[in-house]
2 protein chains.
Amino acid sequence: MTRDRELRYVGRPIPKMDAAQKVAGRAQYIQDLKKPGMLHGAIKYSDQVHARILSIDASRARKLPGVKAVLTGDDIPLIPIGFMKDNLALKKGKVRQYRDEVAAVAAINSEIAREAVDLIQVEYEPLPAVFDPEEALLPGAPLIHETDAKGGPNKSNRLKLPWNLVCGDVDAGRAASTHVVEDRFSTTWVAHCCLGASGCLAEFDLSGNLTMHSITQIPYLAQNDFGAFLAGLGLEGKNVRILSTTIGGGFGSKLDTHVYEFIAILLAHKTNKPVRMIFSREEEFLAQAPRQPTRIRIAQGCDQYGRLTFRDVDMILDNGAYTSWGATTPSVMMVPISSLYRVPNVRYKATCVYTNNLYSQAMRGYGNPQATFAIESITDQLAEAAGIDPLEFRLLNVNQPGEITPQRFRVTTCGLRECIEGVADKLGWAEHRKNPKKARGFGLGSLIHVGGGARVYKSDGHGMIMRVDDFGKVTVITGGVEIGQGLETIIAQVTAECVGVLPEDITVVKGDTSICPWDVGTHASRAAFVSGNAALAAGAKLKRKILELAGPMMRVDPKDLDLRDRMVFSTYDPEEAMPLDKVLRKAHFTAQGTVLTAEHFYDPPNEMLDKEFKGNLSCSYAYGATGVEVEVDEETGQVEILKYIAAHDVGRALNPLLLKGQVYGAALMGTGMALTEQLVLKDGKVQNDNFLDYKILTALDALPVEPILVEPVDEAGPYGAKGVGEPGCVPVAPAIANAIYDAVGVRIRDLPITPEKILAGLKKKRGGTL
Amino acid sequence: MTRDRELRYVGRPIPKMDAAQKVAGRAQYIQDLKKPGMLHGAIKYSDQVHARILSIDASRARKLPGVKAVLTGDDIPLIPIGFMKDNLALKKGKVRQYRDEVAAVAAINSEIAREAVDLIQVEYEPLPAVFDPEEALLPGAPLIHETDAKGGPNKSNRLKLPWNLVCGDVDAGRAASTHVVEDRFSTTWVAHCCLGASGCLAEFDLSGNLTMHSITQIPYLAQNDFGAFLAGLGLEGKNVRILSTTIGGGFGSKLDTHVYEFIAILLAHKTNKPVRMIFSREEEFLAQAPRQPTRIRIAQGCDQYGRLTFRDVDMILDNGAYTSWGATTPSVMMVPISSLYRVPNVRYKATCVYTNNLYSQAMRGYGNPQATFAIESITDQLAEAAGIDPLEFRLLNVNQPGEITPQRFRVTTCGLRECIEGVADKLGWAEHRKNPKKARGFGLGSLIHVGGGARVYKSDGHGMIMRVDDFGKVTVITGGVEIGQGLETIIAQVTAECVGVLPEDITVVKGDTSICPWDVGTHASRAAFVSGNAALAAGAKLKRKILELAGPMMRVDPKDLDLRDRMVFSTYDPEEAMPLDKVLRKAHFTAQGTVLTAEHFYDPPNEMLDKEFKGNLSCSYAYGATGVEVEVDEETGQVEILKYIAAHDVGRALNPLLLKGQVYGAALMGTGMALTEQLVLKDGKVQNDNFLDYKILTALDALPVEPILVEPVDEAGPYGAKGVGEPGCVPVAPAIANAIYDAVGVRIRDLPITPEKILAGLKKKRGGTL
C-alpha cells in the first residue's frame, strides 16, 4: 500500500469537478433535453385503487388537435415488465393501485398532452381492496394478482420470494440467555425526493433501434430490460442505447426501469418521433415508488456479562401492488441482522406482501436503515434490561478485524470500536452520564454496511477504458453512473495518482452504453470502490505502456522510469526527465505511430449469497457510529438535535470533502426519516404530494454534523477505501430514538418520531406513573 | 486474401447507415445545435480590398440592447493563425482582402448580432492592390504581407514554400523527342458548395476548458490549433474537446481551422457563454475559401513511336491574401505530373503567390483536377501532333503493375489499361472513329491518385477501439470523420465481416476527440482505406479474444473455432455451435467476469516526400479513366453530355452502392468545374454569392453516368480496397475539353468551358479558315 505522504491527489479535498457547472446552471438535465420534432408524453392514472377496467373511451382525446397518439392497454402487446414481471406498461383488465397507468398520450406540447389525458374516460367496477400487509396475508383477503409471473394461480398475496437466514441455533441461544427483550418496530413510506424529477426521452431510429435518454442508475440492466421489451414489440435484437443526462439525485429511485419509461418507448414507437416524458413534482410523489415500509418483530438476548446470545427477526415488507428490485432489500438487511456486533445465533425471515398500496422500491441503505432501526433500538433496550450502559454494551459486543460473521462475511478491517469511542468522546458521554440535564438525552447507533461492492446481481463488475492523447490528457471511459456523489472526481483523482498526471488532465466519459463498458450500476455504495479499483488496474497498464515508450527515447530501462505530475523521470536520477506530452507526441509521430489505451474489467472477488443466504457478499465492510444529543420539548413533543457526531470507518478517505458531503447529506436524510418524513397514504392514496406537506429537512434545518473519519486502509479498496454512500443514513433513526428515550423515557417504535407520538408517549407514561 | 465468394458483407450494396436519418430530417447539423444561454455571433467584414485600418468605432454596437460583446483587433491578444501563421482572427493594422474580419459581435439572437455589426464604423485608408498572381510577382507590386510568419521582412508576394520536383533530365528528354507540344492552361476559383453552411459552437467550462462543436474534417489537428490559440489567450494546457455534429458536406473545405472558429472562441471566452456562429449562404460564398486557381505552363514530348519522353510543368497558384493548407496541393499535383503514364523525365515547379483576392484552399482532388486538366489536354494535343489516336496513345504509355515511377511511387496493382479499354468500349470509340457524327465528339481523360493514404502530415494514422457487449453488439470507436461519404457504413461492413457479426450489430462512435483515438482527418481519399485496415486489425484481435473465451465453454481448441453471423462454431463440425451473445454473457457473468475490447492504431507504411519531393507517398495508387461523348451546339456554344463512362480501379468495391455514389457525385462536381462553375471575382470581390448566379449542376442536370468498377484487389487495402473519394472528379474537365475539340475543333484551355468561350473559339476558327 502506498504510504500517505507519497499520495499527491488521493486524500485531498478536491472540489467536485461538475459542481461549478451545476451551480452555474450549465448542467443539462433531462428537463433540458429537446429534440427536433419531439413529442410530449402524459399518463392517465387510475382514480380507483382496485377495480376492473370496464371500458376506456379515448375518442375525444384522439380528436384533440395536436395529439399524435393515444394508447391504452388494448392497443399494445401484452409484455410483462418489472422485477417479477408482474406489471404492464398500460394496465389491462384491472387496476391494483391509485396511479396505475391506464392510458398515455403523445402530443406536440405538454399542455395538450395533459388536456388529452383529462378527456379520456375510464369506466371501472370497484373491487374490495387491502392496505395492511398483515391483513393481506389473511385467508380471504382480496387477491391483488390472480396469477404469478409464470401464469400459475396465486393463492395468496405473499410474494414467491422467500428470505430465510438461519445461523447457529437461535432457540438454544435464547434458552441460554440471561436477558431477553422482544419488541415490534415499524417504518413507513419515505420518498427519495430527488430534486431532479423523473423523466426520459425515447427515440427510435428508422431501423427500429432505440436510444433512451435516461437518468437511470443501472444503464446496462435497463438496456437489458428495454431490449426484452422491444422483443415484445417485434423488434428482437435491435440495438438499445442508453444515454444519460445529468442526474438530479438517485438514492435508489433509479435502480428499476419504470413504467413511465416503457410508456415513452411505446409512444415513440407508435409515433416514430422522439417522445419526452417528464414528471411534475406531484407526479413524482404520486407515481414514483418510495422506500419499502416494514413491520419488524425482533428479539435479542445476552448473557450475564452482556454478551449477545441471539438475534431473531421476523419482517413483513409492504410490496404494494407490484414488485421492484426493492423486494430484494432483505439481502442487505441481513448484513446488520447477522453481523452488527458479534451474535452467535441469528434467525431472520422476511415476507414481501402485495397490497393495494403504492408499490415501493429500494432507497439509500437498501433496507439497512429499517433493519438497523429495530436492531439498535432493541440493543438499547437489552442494555437497559441487563443494567449496562449502552455505550459499554456496544463496546462489549463490538466487531473485530479478522472475524468471520455467522453469515460468513469475512471482516478484513473494522474500525467500529474507534467509531463508537470517537462518537462517545465527542458527545461527552461520560460527563452526560454523570450529570444528565433535564429533557436532554444521548443516543447511539452503530452500523455495518457493504463497503467493497455487493454481489446482488450475477456480476458486480465495472469496465473501464483509458486513453491518453498527444497532450498527455487522459480520457477515462467508465461504465459507472454519477448521481451527484462525485464519482467523476474520485475517478480523476485515482487516475491522476496512479498514472502520474494532474486531476485536471482527466476527462471522464460516462453515460453512454455504446461507448462505456459494462457496470452493474450505482448502488450498494460500490461506485468509488469498483471504479477506483478499475482505475488502479487500467492506470497501471497505461503507465507501463508510457514508460515502455519513454525508455528507448530516454535510454533508460523502463523499469527504472517513473511518471509523476506529467513528467517521466529516472528513479535513479530524477533530473533525467522528459515531459509526458513530448514522450507521447514523439511516440505517436514515429513511423507507424501508436495510440495509447488501456482497459480493465474489475469484478470484485466477493460472493453471491448461497441458497442459505450465506457468503461473503462484499470485499470489505463499512462500519460507523452516530451519536446525538437531543432536547425534547415536553410541552410540544418537538425534538431538537443539539449535537450530531457521525464516525465512519471509510478505509481511506479518497476525498474528504466529497466524503463529508455524503455524511452531511445522509445525516439530513436519516434525520428526516427519523423525525419528519412520511408519505401519508389513506386507503392507498397519497395525501401529501408536495414539499409543503411532505417534510424533508431543508437548509434551514441544517444539523450540527461533526464527521469523524476512521481510516484503517483496507487492502481490498482502492488506496484502502471502502464505500460510504449509504452508511451515513443507516443508524440515525435509532440513535435519535435512543436519545429521546434517554431524555424523556419514551420509546418510539414507529417511524417517523413525530411530536404527536412523543406527546402520546409522555401522556401514557404520566398516566402510568401518576 | 479472402476469396470473393466467402465474403458476406464486404462487397454488398448496403445502403448508407445514416441515410434514412438524413432523409427523414432527423440528422442534427450544427444549425440544429442549441445550448442554454447560447449567444449568436456575427462578423463585420472589410468593405475594402487592401487598406490601412485607421479607426474602428464600435460604441453604437456596444450600446445596442442584447449585445453581449463586441471585439476588434485592438481588444484581443495578437495570436497568428492559419497554416503559415499569416492571419489573425480579427485584423489589426490593415485588411488584405474583401471579407477580412475586422470586428465581431455576440448577441442574444442573430438579428441583433447582425444589426450590431452594421452599427460598427470602420475608417480605412485605401492601399494599391494586386489581383493577378503574375503581376503580383513583378517588382514594385503592392506587398500583401510586409513581414513573414517569423517577423522577418517579405520582399515579394511569393510564398516561402517552394515546390520543385526534378526526375531524370527533362532537357535531354526534350532534345530526344520527335514531337513536342507546349501550351498554357488555367483554372479558376470553384466553391465547395457544401449544402450545410459553415458554423460552429464554442463553449468554455468554468475551468477554462474549451468544447468546440465543429464540422471539421480534421478534429485532431483542429484540437492542436485551438489549443495553441488558447495558450495565446493565457489558457495554456487546458483541454480542448472537439465534438462533431453531422457534417453537410466537406470536399476539403474543412481541412483548415477557419477564422470564424477562432472568432467564436474569442466571443465565448469574452462572454463566458456558449457562442454559435453560423454562416448564411451568401457568407458561405463570400467568406469561405474556394479551390486554388492555377496558371499552368506545360510541355510534353514523345518519340517517333508515341512513347512519352518528358513532361515539364510550371505552375502559379493564386494563394489569395492568406495561406491555407491548400498551399500544399502541389504535393498531390506531383502525383499525376510525375506518374500519370510512364514518363521518364519530369520537371515541376509551383509558386504560390499572395494577391488581394479571396484566399483559397484545398478542394476534392487536392490540386489533381487542375494538374490533370493540363496533362490530359496536352496529351491529346501531343497524340494529334504524333498522328496517333488518343486512345491508342494512352494505351501505349499506360502505367503497369509493379512499376516504380520517377517520383519513386511503388505501384502495386494498376488497372489503368482496363479502365481505358473499358471506357473506350462502352463509349463505342472504334465505331465513332469510323463514322464520326457532326458536332459530336469523344474525349478521354485518365487519372492517378493516392489510393492508400497519403502522408502529408507527420502521421497518416487512424486509431480505433472496438467493444462487444453482452448482446453481441459491437461498438467501433473511430477517429475517422464521416462527411457524408459513408465511412460509418464501410466500417460496419468491414467489422461485421472480420469479426463475424451482422452490419446492423455495429454502432460506430465518432466525432468526439475525448473518446475517439487520433486520426489525421478525412482527406486524400484515405478514410475507408485507413479505417478499414484498422478495423481488420482490431476486429481480428476482438475475434481472437472471443474465440479464446468460447473454447473452454465449448471444449474446443480456440484455434479450431470460427465466428460468423453471430455464431461461434467448430471449423471441423459446424453443427457444434454456440450463439455469440450466449458466449459473451457466460464469459461476463463468470466470477471476476470480463469485458471485451480491442484496439488498433493503423498508420500506413507510406512515406513522407523527401527534400527532393520523392518517396512512396501512398501505399497504393488509384487509377481511372473517364470518357464522354458530347454534342456541341455551334449556334449557342452549349455542350450536351450524351455519354459519360467512368471507370475506376478501386482495388475492391467494399460497397458498390456507396462507391457509385462517390462516382456520380464526382461526375457532377467535375462536370461543374469543367463547364459551369466559377466564383467570379471583380477586383477581389465575389460577384456571384448565391446559387442563382453560381451554377452548380443540379438534379435536373443529372448526367448519364455509367460507372465501371475494376477490382484488381490490392494487398495494401482492406479486402483489397483503394480510396475512391476524390478520383472521380479528377479527369472530367480534360475529357470534356478533348471531346469538344473532337466535336468542333476548338480547344479551350481555361476553365470553365463556357458557351461564350466556345463561340469565341468557333469564331476564331472560322475567321482563320474562311
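What counts, and at which threshold
Residues numbered from 1 in each chain as written. Chains lettered and ligands numbered in written order. Predicted model: local features only at pLDDT ≥ 70, side-chain atom pairs only at ≥ 80, totals over all residues. Heavy atoms only, no water. Phe/Tyr/Trp six-rings, centres within 6.5 Å; stacked < 30°, edge-to-face > 60°. Helix = DSSP H or I, 4+ residues; strand = E, 2+ residues; numbered from the N terminus. Buried < 20%, exposed > 50% of the residue type's maximum accessible area, 1.4 Å probe, protein only. Least-squares fit on C-alpha atoms with pLDDT ≥ 70 in both. Contact = heavy atoms within 4.5 Å. Buried area = accessible area lost by both parts, 1.4 Å probe. Salt bridge = Lys/Arg side-chain N within 4 Å of Asp/Glu carboxyl O. Polar contact = N/O pair within 3.5 Å; in protein donor to acceptor, adjacent residues only side chain to side chain. Nonpolar A, V, L, I, M, F, W, Y, C, P; charged D, E, K, R; others polar. Core = buried A, V, L, I, M, F, W, Y, C linked by side-chain atoms within 4.5 Å. Expected span 1.5 Å × (residues − 1). Pairing = 2+ DSSP bridges. Axes fitted to C-alpha atoms, helices over the stretch in contact; angles between N-to-C directions. pLDDT = per-residue confidence, 0-100.

**Quick word on the packing of aromatic side chains**
Right, on to step 1. Across all of its chains, the model carries 34 aromatic pairs over all chains by this definition.
Right, on to step 2. Plain terms: the ring middles of Tyr322 of chain A and Tyr359 of chain A are 6.2 Å apart, the flat faces sit at 90 degrees to each other, and that makes the pair edge-to-face. Of the two residues, Tyr322 of chain A sits in the loop between strand 14 (308-320) and helix 9 (330-339) while Tyr359 of chain A sits in the loop between strand 15 (345-354) and helix 10 (368-386), which places them 37 residues apart along the sequence. Across this residue pair, the class does not change: Tyr322 of chain A and Tyr359 of chain A are buried.
Right, on to step 3. Considering the side-chain rings of Tyr457 of chain A and Phe589 of chain B, the 5.8 Å spacing of their centres and the 80 degrees angle between planes classify their relative orientation as edge-to-face. In this pair, Tyr457 of chain A sits in the loop between strand 16 (440-450) and strand 17 (462-468) while Phe589 of chain B sits in the loop between helix 16 (580-588) and strand 23 (596-602), so the two residues belong to two different chains. With respect to class, Tyr457 of chain A is no different from Phe589 of chain B; both count as buried.

**Considering the relation of the copies chain B and chain A**
Right, on to step 1. For these two chains of identical sequence, chain B goes onto chain A by a turn of 179 degrees and a shift of 0.0 Å along the axis, with RMSD 0.1 Å. The transformation relating the two chain copies, once decomposed into turn and shift, fits a two-fold axis. Distance from the rotation axis, computed per C-alpha, reaches its smallest value in chain B at Ile515 of chain B: 4.1 Å.
Right, on to step 2. A shared binding surface is used by both copies, with 100% of the interface residues of chain B retained as interface residues in chain A.

**Describing the interface of chain B and chain A**
Right, on to step 1. Of the residues lining the interface, 55 residues belong to chain B; the matching set on chain A comes to 57 residues.
Right, on to step 2. Regarding the contact of chain B and chain A, the summed buried area is about 4,400 Å², with carbon and sulfur atoms giving 52% of it.
Right, on to step 3. If you sort the residues of chain B by the area they bury against chain A, Arg26, Phe589 and Gln592 of chain B come out on top, with a joint share of 14%.
Right, on to step 4. Counting every contact that joins chain B to chain A gives 2 salt bridges.
Right, on to step 5. When the shortest N-O distance is used, the salt bridge between Lys545 of chain A and Glu599 of chain B registers 3.5 Å.
Right, on to step 6. Joining chain B to chain A, the criterion identifies 24 residue pairs in polar contact (both at pLDDT 80 or more).
Right, on to step 7. Every element with two or more residues in the side of chain B that touches chain A is listed here: helix 1 (19-23), helix 6 (219-232), strand 17 (462-468), strand 18 (474-478), strand 19 (506-509) and strand 23 of chain B.
Right, on to step 8. Residues belonging to the side of chain B that touches chain A are distributed by class as follows: 20 nonpolar, 20 polar and 15 charged.

**As for the nonpolar core**
Residue and element names in this part refer to chain B.
Right, on to step 1. Membership of the largest hydrophobic core comes to 121 residues, with the highest contact counts inside it found for Met315, Ile337, Tyr348, Val630, Tyr644 and Ile740.
Right, on to step 2. The element best represented in this core is helix 18 (residues 732-744), accounting for 9 residues.
Right, on to step 3. Ignoring anything within four residues of it in the chain, the contact list for Val630 reads Ala439, Arg440, Gly441, Val639, Glu640, Ile641, Leu642, Ala739, Ile740 and Ala743.

**Regarding the pattern of salt bridges**
Residue and element names in this part refer to chain B.
Right, on to step 1. Enumeration over the complete set of coordinates arrives at 90 salt bridges over all chains.
Right, on to step 2. Close ionic contact of Arg566 with Asp505 constitutes a salt bridge, the shortest N to O distance being 2.5 Å. In this pair, Arg566 is assigned in the loop between strand 20 (561-564) and strand 21 (567-570) and Asp505 in the loop between helix 14 (487-500) and strand 19, connecting sequence segments 61 residues apart.
Right, on to step 3. As a salt-bridge pair, Arg766 and Glu634 come within 4.0 Å of each other at their nearest N and O atoms.

**What to know about helix 18 of chain B**
All names here are of chain B.
Right, on to step 1. Spanning 13 residues, helix 18 covers 18 Å between terminal C-alpha atoms, matching the ideal 18 Å at 1.5 Å per step.
Right, on to step 2. Buried residues dominate helix 18, accounting for 11 of its 13 residues.
Right, on to step 3. Buried residues of helix 18: Val732, Ala733, Pro734, Ala735, Ile736, Ala737, Asn738, Ala739, Ile740, Ala743 and Val744, and no others.
Right, on to step 4. Positioned one or two residues after helix 18, Gly745 has a phi angle of 75 degrees, which is positive.

**Remarks on the sheet that holds strand 18 (residues 474-478) of chain A**
All names here are of chain A.
Right, on to step 1. Taken in spatial order, the 4 strands line up as 19-18-17-23 in an open sheet, and their pairing is mixed. Looking at which strands have only one partner, the edges of the open sheet turn out to be strand 19 (506-509) and strand 23 (596-602). With direction set aside, neighbouring strand axes in the sheet form an average angle of 15 degrees.
Right, on to step 2. Sheet analysis places strand 18 next to strand 19, joined by 4 bridges and oriented parallel.

**Things to note about the confidence of the model for chain A**
Right, on to step 1. Looking at chain A as a whole, the pLDDT averages 96, with 99% of positions reaching at least 70.
Right, on to step 2. With pTM at 0.95, the complex prediction returns an ipTM value of 0.93.

**A look at the side chain of Gln292 of chain B**
Residues and elements named next belong to chain B.
Right, on to step 1. Inspection of the secondary structure assignment puts Gln292 in the loop between helix 8 (281-287) and strand 13 (294-302).
Right, on to step 2. Looking at Gln292, the relative accessible area reads 1%, which means it is buried.
Right, on to step 3. In terms of polar contacts, Gln292 uses its side chain to reach the side chain of Asn319, at 3.4 Å.
Right, on to step 4. Of note is the side chain of Gln292, whose polar atom sits 3.3 Å from the side chain of Ser360.

**A closer look at the sheet that holds strand 10 (residues 210-214) of chain B**
Residues and elements named next belong to chain B.
Right, on to step 1. Pairing in this open sheet of 7 strands is mixed, and the strands run 3-5-1-12-9-10-11 from one edge to the other. Since the sheet does not close on itself, it has two edges, and those belong to strand 3 (67-72) and strand 11 (240-244), each with one partner. For this sheet, the mean angle separating the axes of adjacent strands, direction not counted, is 20 degrees.
Right, on to step 2. Sheet topology places strand 10 next to strand 11; 5 bridges connect them, and they run parallel. Directly across from Leu210, in strand 11, lies its bridge partner Val240.
Right, on to step 3. The strands touched by helix 3 (residues 110-119) within the sheet are strand 1 (39-45), strand 3 and strand 5 (101-107), with strand 1 carrying the most contacts at an inclination of about 25 degrees.
Right, on to step 4. Taken strand by strand, helix 6 contacts strand 9 (199-204), strand 10 and strand 11, and its axis lies near 140 degrees from that of strand 11.

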